[in-house]
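Coordinate inspection notes
Letter by letter, the chains look like this.
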Amino acid sequence: LHNEINYSVEHFVCKYGLKEDVQVSTDDALGSFKRLWFALQRRQLRLYVLIDEYDRFANQLITDTPDMYEAVVSERSQSSLAILRGIFQAIKAVTGLPGYRVFTTGISPVPLADASG
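Keep in mind that this is a model prediction, so the values were computed, not measured.

**Topic: the overall build of the chain**
Check the secondary structure of the chain and you find 6 helices and 2 strands. Its helices and strands in sequence order give the chain the pattern α-α-β-α-α-α-β-α, from N to C terminus. Of the roughly 7,600 Å² of accessible surface on the chain, 55% is carried by carbon and sulfur atoms.

**Here's the deal with the packing of helix H1 (residues 2–15) against helix H2 (residues 29–42)**
Look at H1 against H2: their axes get within 8 Å of each other, and the N-to-C directions meet at 25°. As summarised for this structure, H1 and H2 are arranged roughly parallel, according to the angle between their axes. Between H1 and H2 the crossing geometry is left-handed. On H2, the residues touching His2, Ile5, Asn6, Val9, Phe12 and Val13 of H1 are Ala29, Ser32, Phe33, Leu36 and Leu40. Looking at side-chain class alone, the contact of H1 with H2 contains 8 nonpolar, 3 polar and no charged residues.

**A word on the environment of Asp21**
Considering the arrangement of structural elements, one finds Asp21 in the loop between H1 and H2. As a C-alpha pair, Asp21 and Leu40 span 19 residues in sequence and 9.0 Å in three-dimensional space.

**As for unusual backbone geometry**
One non-glycine residue, Gln44, lies in the positive phi region at around 55°. Turning to its location among the elements, Gln44 is positioned in the loop between H2 and strand S1 (47–51).

**A few points about the pattern of salt bridges**
In the structure shown here, the tally under the stated rule is 2 salt bridges. Taking the shortest distance from any N to any O, the salt bridge between Glu10 and Lys19 comes out at 2.1 Å. Here Asp21 ties to Arg43 by a salt bridge, and the two come within 2.6 Å at their closest N and O atoms. Of this pair, Asp21 sits in the loop between H1 and H2 while Arg43 sits in the loop between H2 and S1, and the two are 22 residues apart along the sequence. Asp21 gets classed as partly exposed once you look at its relative accessible area, which sits at 29%. Looking at Arg43, the relative accessible area reads 41%, which means it is partly exposed.

**Quick look at H1**
Counting along an α-helix, one turn takes 3.6 residues, and residues three or four places apart therefore face a common direction. Taking 1.5 Å per residue as the helical rise, H1 with its 14 residues ought to reach 20 Å, and the 20 Å between its terminal C-alpha atoms agrees with that figure. For H1, the complete set of buried residues consists of Ile5, Asn6, Val9 and Val13. Projected down its long axis, H1 shows its buried positions confined to an angular sector of 95°, all on one face. Exposed and facing more than 90 degrees away from the buried side of H1 are Asn3, Glu4, Tyr7 and Lys15. Phi for Gly17, located one or two positions after H1, is positive at around 65°.

**Some details on the confidence of the model for the chain**
Here the chain averages 78 in pLDDT, while 80% of its residues score no lower than 70. When mean pLDDT is taken per element in the chain, H1 scores highest with 91 and helix H6 (residues 109–116) scores lowest with 55.

About the thresholds
- Residues numbered from 1 in each chain as written.
- Predicted model: local features only at pLDDT ≥ 70, side-chain atom pairs only at ≥ 80, totals over all residues.
- Heavy atoms only, no water.
- Helix = DSSP H or I, 4+ residues; strand = E, 2+ residues; numbered from the N terminus.
- Areas by Shrake-Rupley, 256 points an atom, 1.4 Å probe, with all protein chains shown as cover.
- Axes fitted to C-alpha atoms, helices over the stretch in contact; angles between N-to-C directions.
- Parallel < 35°, antiparallel > 145°, perpendicular 65-115°, else oblique.
- Left-handed = near helix turned anticlockwise from the far one by under 90°.
- Contact = heavy atoms within 4.5 Å.
- Nonpolar A, V, L, I, M, F, W, Y, C, P; charged D, E, K, R; others polar.
- Salt bridge = Lys/Arg side-chain N within 4 Å of Asp/Glu carboxyl O.
- Buried < 20%, exposed > 50% of the residue type's maximum accessible area, 1.4 Å probe, protein only.
- Expected span 1.5 Å × (residues − 1).
- Arc of directions from axis to C-beta.
- pLDDT = per-residue confidence, 0-100.

Pasting the structure below:
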């Protein structure tokens with residue numbers, strides 16, 4: 001998941017000429033995402049995040065492996081899957097700020113509430 005986030009950030013900064021403004025950290029994908037956000041703010045650019053079927057993964061965990069679901073959404077979890085919680089918290093933290101919009105689709109509000117704190 002870290003690699004996917006970093007790949008997306010790297011692709012974005014290359015495509016939009018922000019390579020000099022954003023350092024992608026191989027061991028901190030959330031940091032990479034936040035540095036991208038701050039670079040966009042400095043340049044007064046907008047970012048729109050579209051998350052389709054955000055709850056597919058969570059719904060599958062709830063039905064197939066409830067214990068793993070608890071590990072993912074737990075604040076105390078050391079699970080590598082707990083990165084999902086951090087991702088949703090980072091996105092939630094900047095939602096509504098100028099130049100930043102998030103649109104999510106899913107079928108159940110429960111997993112997003114659990115994952116975003």
